[in-house]
Every structure is written in C-alpha cells, then in structure tokens.
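Here is how the chains run, residue by residue.
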Amino acid sequence: MTDIPNKTPTTGVQGSNSALRNAKRRQRAERRFRFYGFAGVVFALGCLAILLTSLTARGVTAITHSKIQLEILFDETVIDPNGTRDEDEMSRADYQGLVKSALRELFPDANSRRDKKALYKLVSSQAGLSLRDMVLQDPSIIGEKRAIWLIAGDDVDVFRKQTSANTGSLKKKQVSWVRDLEAEGLIENQFNSQFFLSGDSREPEMAGILGAVMGSFLTLLVCFVASFPVGVLAAVYLEEFAPKNKISHIIEVNINNLAAVPSIVFGLLGLALLLNVFGLPRSAPVVGGLVLALMTLPTIIIATRAALKAVPPSIREAAYGLGASPMQVTFHHVVPLSMPGILTGSIIGMSQALGETAPLLLIGMVAFIVDIPTSFVDPATTLPVQIFIWADSPERGFMEKTAAAILVLLAFLLCMNLLAVILRKKFERKY
Amino acid sequence: MKDITMTENLSAADPVVADAPIKIRAEKVNVHYSDKQALFDVSVDLLEKQVTSLIGPSGCGKSTFLRCLNRMNDVVEGCRVSGGLHINGLDINAPSTDVVELRRRVGMVFQKPNPFPKSIYDNVAYGIRIHKLATNKADIDQMVEESLKRVGLFDEVADRLQSPGTGLSGGQQQRLCIARAIAVQPEVLLMDEPCSALDPIATARIEGLIDELRNNYTIVIVTHSMQQAARVSNYTAFFHLGVIEEFGETDQVFTNPTEERTRAYITGRFG
C-alpha cells in the first residue's frame with residue numbers, strides 16, 4: 001500500500017529551486033500521511049489478531065472434555081429394590097453411588113475417608129444423571145454390568161488439558177490415579193456435546209451454552225419484533241410525512257440523544273415500568289427483549305432516516321409525477337430502495353443488543369438458570385450475561401468455558417453481520 | 001376529448017386567437033418560495049393539442065410555472081401558489097381537486113431521465129397499475145407495448161423488457177420516461193428541459209417524438225435551446241424575472257418579437 005510510485009519529474013516545468021523544494025516537501029508530507037494511515041490499520045488488525053488468538057487458544061479446548069470409562073454395575077438393589085420398575089422410584093435412586101462403587105472397585109487402594117473423597121472427585125458429581133437417563137430409557141439394563149464413558153471431574157479435565165507440569169488443584173494421589181487410567185486407556189478426550197447441548201451448571205464440566213444461546217435468541221427475537229417495525233415506521237413518518245417545524249426538530253434532537261443514553265438506564269426503566277408497573281415476569285426474554293428494543297430503537301430510526309435521505313429526489317419526483325399518492329411513493333419506491341440501509345442499520349442495532357449486559361442485570365436476567373428456556377416468559381439468561389457469570393466463578397474449569405462462550409458470541413455476531421452483507425447485496429439496486 | 005367548459009368571461013387582454021380550444025388557463029398566478037416570490041401575475045392560455053414552449057434565462061420561473069400545472073410544487077417545502085389555474089375548467093388548486101387524478105391527466109417528464117430502478121416493463125406498467133387502468137396481465141401487456149411503440153422504444157427493447165430500465169442509454173431512458181408518462185393516458189404532457197442531459201442525436205429523436213405526440217397531447221415544454229423551441233413549438237412564452245414578457249405564436253415571437261428584451265434574448269445578446 002505504501003509503495004505507490006511517487007516519482008516526479010525533477011526537470012522541465014519546475015524551473016526554480018523553491019518550486020522543487022516545495023514539491024519535495026509536499027511529497028514527503030503525502031508519504032508520511034499515507035504511512036500514518038497504514039500504521040493505524042496495522043495496529044488495529046494486530047490488536048484484533050491478538051484478541052482472537054488468545055481467545056481461541058483458551059476456548060478451543062472446550063470442544064473436547066475428558067471422559068472416564070468405568071465398569072458400572074446397574075445394581076437392582078440400589079436402583080429398584082422393590083422390583084416395581086416404577087419410573088418415579090427409579091429416578092430417585094442413588095446413581096452416584098453406582099459410580100462410586102465402580103471407582104472403588106477400580107482403585108481398591110483408596111481406603112481412608114479422605115482418599116475415597118478424592119477418588120470420587122475424578123468423576124463429575126453429576127455423572128450419575130446420565131446413568132439415570134440410561135436406566136429410564138431402557139430399564140432392561142438393570143442387573144447388567146456395562147462399560148460406560150462418564151464425564152470426568154473438572155479438576156481432572158483442567159489438569160489433562162494444561163500444558164505445564166503444574167498439577168493444579170489435583171492431589172498427588174489423584175494425579176497417580178489419572179496416570180493409571182491413562183495408561184490403561186480408560187480416560188480420553190471426547191467431543192464435548194455437553195457444552196453445546198445443556199444449560200448452565202454449578203459444575204464446570206456439566207455447564208453448557210445452549211441455555212444462554214436460546215435465551216439470547218428469544219430475547220433478540222422479541223427485540224427485533226418490537227423495535228424494527230416501530231423504528232422503521234417512526235423514521236418513515238419523520239422523514240417523509242412530518243412537517244419540518246420546531247416540534248419535529250426537537251423530536252429529532254431527542255432521538256439522537258437517546259442513542260447516546262447509557263444502556264443501564266434503559267434497564268432501570270424496564271425494572272420500574274415493565275416489572276413493577278406491568279408486572280411482567282422477572283428474568284424473562286420478553287422483558288429483556290423489550291428493554292433492548294428501547295435501546296435499539298434510536299439506532300434503527302437514525303439508520304433508516306439516513307437510508308431514506310439517500311434515495312435520490314428524482315425517484316420521488318418521478319413517482320409523484322405519475323400520480324402516485326405519498327403513501328405509494330413511500331412504500332413502492334422510497335422504502336424498497338432504502339431497504340439495504342435499513343436492514344444494515346437494524347442488524348447493527350441488533351448486534352449491539354446481542355452484546356448488551358448492563359440493562360439485563362437490572363431486570364434479573366443475571367440469575368443462575370439451569371433449564372433451557374423454551375418460551376418468552378421462561379426465566380433465561382443471555383450469552384454476554386452467561387460469560388459474565390462464568391468469568392466471575394472461582395472454579396478453574398470455567399475459564400475455558402468463558403473463552404468458549406465468547407467465541408460462540410463472536411460467531412453469532414459474525415453470522416449476523418454476514419446476514420447484513422447478504423441482505424444488502426440482495427436488495428441493492430442501482431439508480 | 002371533451003370540449004372546453006369555460007364559464008368565466010375573459011378579459012380581452014391576453015388570449016391568443018386560434019381555432020384550438022383552450023386547454024389550460026392561467027390567471028394572475030403568483031408563486032412564493034418561503035419569502036421569495038418566483039412568479040408575478042402570470043396569465044396565459046395554453047391551447048389544446050399544441051406545443052407551447054417556455055423560454056427564458058435561468059431562474060426566471062419557467063420551471064416553477066410548469067410545476068404549477070400538475071401541482072408538483074405541493075411537495076416543495078414552503079411553496080405557495082395563488083391565482084387561477086384551470087384545466088378544462090377544473091380548478092387545479094382547489095382543495096377538492098384530487099391531485100392523484102390531476103397528475104394522471106397532466107403527465108410530466110423531467111430534466112434528468114429518472115426511470116425507476118425496476119425493469120423496463122415495470123417502469124411503464126407502474127402508472128397503469130396504480131391508477132387501475134387495467135387489471136389483467138394481458139391488458140397491461142398491451143398498454144405497455146403500445147406506449148413503448150409510441151415512443152419508438154419497443155423495437156429496441158422488445159427482447160429485454162425484464163431488464164432494468166436504468167441500464168438503457170440516456171436517450172432511451174428519457175424515451176422510457178415519456179412512455180411511462182403517456183401510459184396512463186394523460187391529456188397534457190409537461191416536459192422540463194427533457195433534452196438538456198442528452199446528446200444531439202438523442203435530442204433529435206425526442207424532438208421528432210414531440211412532433212408525433214402533438215397530435216394527441218397538449219404539450220408544454222421548458223427549454224434553454226432557442227433552436228429547440230423554434231423547431232418543436234407552435235406557441236412560445238418568454239419568461240423574465242417571474243413574469244411573461246411575451247407570449248405568441250412561435251414564428252412571430254422568433255421572427256418579429258414585440259418586446260425588445262425578447263429580441264435581445266433570442267438573438268443571444270442577453271440571458
């Protein structure tokens with residue numbers, strides 16, 4: 001970029017010395033200026049690259065997790081002592097106990113209470129849940145002994161993924177057990193479907209992103225449905241129909257100011273109005289979406305007005321000259337022509353909303369929610385809030401989850417921006 | 001086309017005697033843009049199926065007057081029109097006049113070709129559709145074809161009716177705009193310097209087209225080219241500083257103007 005040939009004939013027209021000096025100084029200034037611009041671009045790209053590599057390096061390990069293979073005996077006396085095969089009873093059984101006895105069988109040397117406790121930590125404390133699901137799905141396995149891959153405890157996972165020799169929070173004994181398992185091929189890294197298919201959990205190895213993804217999706221849906229039509233119609237009215245007088249000027253100034261209001265203020269408004277006055281449920285995507293819609297509205301209005309302004313007046317004149325009514329002019333010509341701009345602006349607004357945390361904290365979307373939300377009034381959390389919660393957690397296992405969640409959020413943003421580009425290309429028309 | 005239904009008694013001062021009936025009558029038209037007055041007491045009669053050209057230096061009010069005739073000034077912020085403007089006896093500025101119907105009857109072609117960024121077909125069909133002149137596809141097809149044939153564009157674009165109108169050359173675009181205007185079967189065609197953005201060959205085609213269209217439409221054309229005014233129009237109005245200095249048959253205005261200023265302008269000594 002910097003090596004554009006910049007030679008100037010030093011003879012000929014530039015007769016005098018001062019003119020020559022002037023030209024040289026001017027060319028130097030030009031080169032300097034171009035270099036500054038280029039340096040700025042390089043710096044920005046470098047920062048982005050550092051951010052992305054560090055995030056990827058931390059987060060990419062979350063794609064796999066450690067699993068331990070144990071010989072589980074589906075003991076009828078534990079699962080279904082009465083032999084009724086009653087689902088209720090079977091789901092209440094102590095499946096974690098089955099895991100523990102399998103572990104004791106594998107490592108009979110752990111005798112003391114402390115050793116046993118350490119031993120049990122090799123496998124996730126929630127591993128029994130997957131056994132329960134297996135039994136409920138197919139009760140005929142009761143009484144059998146099967147080799148089953150179970151999710152390892154988070155400390156084991158962290159230990160196996162780290163590159164340094166540091167044993168982390170694992171005790172010496174635990175390390176030797178893990179080494180034993182590795183030697184026998186009973187522990188390995190498998191694709192971490194848990195992370196993509198489950199909700200939040202107190203245990204890092206069980207925590208997943210799906211709850212937050214669904215929450216973000218539902219919230220954004222509400223946000224879009226509430227803000228897009230209102231914003232576009234408001235902009236169309238202000239730009240095409242409203243008389244240009246003091247009042248419309250004041251409205252315009254206020255909309256511009258609204259775009260600069262800190263987002264947490266919108267959260268306060270949502271808390272005061274939507275929760276306290278209208279009594280909408282706490283932590284629900286519908287409330288989050290409405291609050292974010294308030295925040296997105298000015299962005300959409302400003303972008304739409306700019307897009308409408310960019311439609312050449314000759315198109316309006318042509319339509320008016322044919323006898324189209326103001327509404328026909330607007331909706332047959334002006335709005336379709338400004339669609340690329342409107343959509344780009346709206347999607348940028350939605351991207352902002354996707355990354356927003358502060359207003360959601362105030363309306364209770366920061367709560368710890370395990371269940372994956374399926375409706376607009378279920379308690380939910382969103383991706384950025386989930387990142388905030390995980391980043392705040394003391395367990396080391398959450399570190400990679402945080403980075404992975406950030407990557408998921410970035411992927412979301414990338415998809416939305418891609419959509420904006422595609423829509424822009426699709427609707428763009430030359431005039 | 002119906003006969004004129006003028007009811008008022010006319011003052012003897014203005015009308016040009018001709019056998020053609022009066023299509024548009026302007027009486028003491030004043031136009032203000034915010035605080036600036038653009039037209040002063042303009043009175044003129046435009047005759048049916050005649051071509052009237054409006055000439056004069058820039059900023060003299062010819063375009064303003066033209067835009068009064070189909071109320072295109074309505075959309076201009078701060079523009080006020082007063083005085084009497086009648087087309088076939090219908091008061092153009094009356095609040096009861098439907099501006100949509102008025103603009104269907106008084107079509108307009110602009111300085112810069114401004115086809116919609118749609119297909120050639122849709123450009124012409126748009127007016128037909130919004131005025132519901134035809135509703136089934138076959139009728140619309142036929143009207144589109146007819147209009148395009150009228151402006152001599154059909155043979156050039158017959159095989160690409162669905163390609164964008166903006167892809168045509170400047171002269172073709174302007175003819176497309178004329179086809180779009182006549183597709184809604186207007187009675188009057190207003191042309192605001194229709195050739196100023198075109199090369200001489202395209203200009204000649206448009207002028208030839210105007211010659212053919214005069215048989216069916218009352219045409220009012222604003223032009224900066226004396227030669228064009230002399231070539232295409234029957235009547236000429238010379239505007240200067242917001243008033244009509246002279247109005248008469250084109251031959252008379254160009255060969256034997258009554259006003260000294262008109263003579264100066266058309267001979268190029270002023271303006």
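Rules of the game
- Residues numbered from 1 in each chain as written.
- Chains lettered and ligands numbered in written order.
- Predicted model: local features only at pLDDT ≥ 70, side-chain atom pairs only at ≥ 80, totals over all residues.
- Helix = DSSP H or I, 4+ residues; strand = E, 2+ residues; numbered from the N terminus.
- Rg over C-alpha atoms; globule rule 2.2 N^0.38 Å.
- Buried ≥ 20, exposed ≤ 12 C-beta atoms within 10 Å, placed from the backbone.
- Contact = placed C-beta atoms within 7 Å.
- Nonpolar A, V, L, I, M, F, W, Y, C, P; charged D, E, K, R; others polar.
- Domains from an automatic or database assignment.
- Pairing = 2+ DSSP bridges.
- Axes fitted to C-alpha atoms, helices over the stretch in contact; angles between N-to-C directions.
- Parallel < 35°, antiparallel > 145°, perpendicular 65-115°, else oblique.
- Right-handed = clockwise from strand over helix to strand, strands pointing away.

Now for the overall build of chain A. A count of helical and extended segments in chain A gives 18 helices and three strands. For chain A, whose C-alpha radius of gyration is 31 Å, the value lies well above the compact-globule estimate of 22 Å for 431 residues. Overall, the C-alpha framework of chain A stretches about 95 × 65 × 35 Å when taken along its three principal axes. In chain A, buried positions account for 36% of the 431 residues.

A word on the interface of chain A and chain B. Taken together, the contact between chain A and chain B spans 17 residues of the former and 21 residues of the latter. By residue number, the principal contributor to the side of chain A that touches chain B is helix α14 (residues 313-321) of chain A, which donates six residues. For the side of chain A that touches chain B, the residue count by class is seven nonpolar, six polar and four charged.

Our next topic: the domain arrangement of chain A. Residues and elements named next belong to chain A. You can read the domains of chain A as domain 1 (17-60), domain 2 (63-197) and domain 3 (210-427). Residue-level contacts link four residues of domain 1 with six residues of domain 3. For the side of domain 1 that touches domain 3, a count of residues per class yields one nonpolar, two polar and one charged.

Take the sheet that holds strand β4 (residues 79-87) of chain B next. All names here are of chain B. Overall, antiparallel pairing links the four strands, which are arranged β2-β1-β4-β5 in an open sheet. Bordering the open sheet on either side are β2 (36-47) and β5 (90-91), each of which pairs with just one other strand. Bridging between strand β1 (residues 22-33) and β2 involves eight bridges; their strand directions are antiparallel. Of the residues in β2, the one forming a bridge with V29 is V42.

This next bit is on the pairing of strand β9 (residues 235-240) of chain B. Residue and element names in this part refer to chain B. Across the six residues of β9, six count as buried, placing the element largely inside the fold. On β9, burial covers both faces: Y235, A237 and F239 on one face and T236, F238 and H240 on the other are all buried. Examined bridge by bridge, strand β3 (residues 51-55) and β9 share four bridges and lie parallel to one another. Residue pairing in the sheet places L54 in a bridge with A237 of β9.

A few words now on the packing of helix α15 (residues 326-354) of chain A against helix α18 (residues 397-427) of chain A. Residue and element names in this part refer to chain A. With their axes 8 Å apart at the nearest point, α15 and α18 run at an angle of 175° to one another. Of the possible angle classes, the one that applies to α15 and α18 is roughly antiparallel. Facing M339, P340, L343, T344, I347, M350, S351 and L354 of α15, the residues of α18 in contact are F412, L413, M416, N417, L419, A420, L423, R424 and F427. Considering only residue class, the contact of α15 with α18 consists of 13 nonpolar, three polar and one charged.

Quick look at the sheet that holds strand β2 (residues 145-151) of chain A now. All names here are of chain A. The strand order across the open sheet built from three strands is β2-β1-β3, with neighbouring strands paired in antiparallel fashion. If you trace the sheet from one side to the other, it starts and ends with β2 and β3 (187-191), each paired once. Going from strand to strand, the sheet's axes swing by 40° on average, the running direction of each strand aside. As defined by bridge partners, strand β1 (residues 64-73) adjoins β3 across five bridges and the pair is classed as antiparallel. In the strand pairing of β3, K67 is matched with E188.

Residues and elements named next belong to chain A. The buried fraction of helix α7 (residues 154-161) is high, at seven of eight residues. Turning to α7, its buried residues number three or more, namely D154, D155, V156, D157, V158, F159 and R160. The elements touched by buried residues of α7 are β1, α8 (172-184) and α18.

Moving on: the pairing of strand β8 (residues 218-222) of chain B. All names here are of chain B. Buried residues dominate β8, accounting for five of its five residues. By the alternation rule, side chains of β8 split into T218, V220 and V222 and I219 and I221, which are all buried. Pairing between strand β7 (residues 188-192) and β8: five bridges, direction parallel. Across the sheet, the residue bridging to D192 is V222, located in β8. A crossover connection joins β7 to the parallel β8 through helix α7 (residues 200-213); in handedness this β-α-β unit is right-handed.

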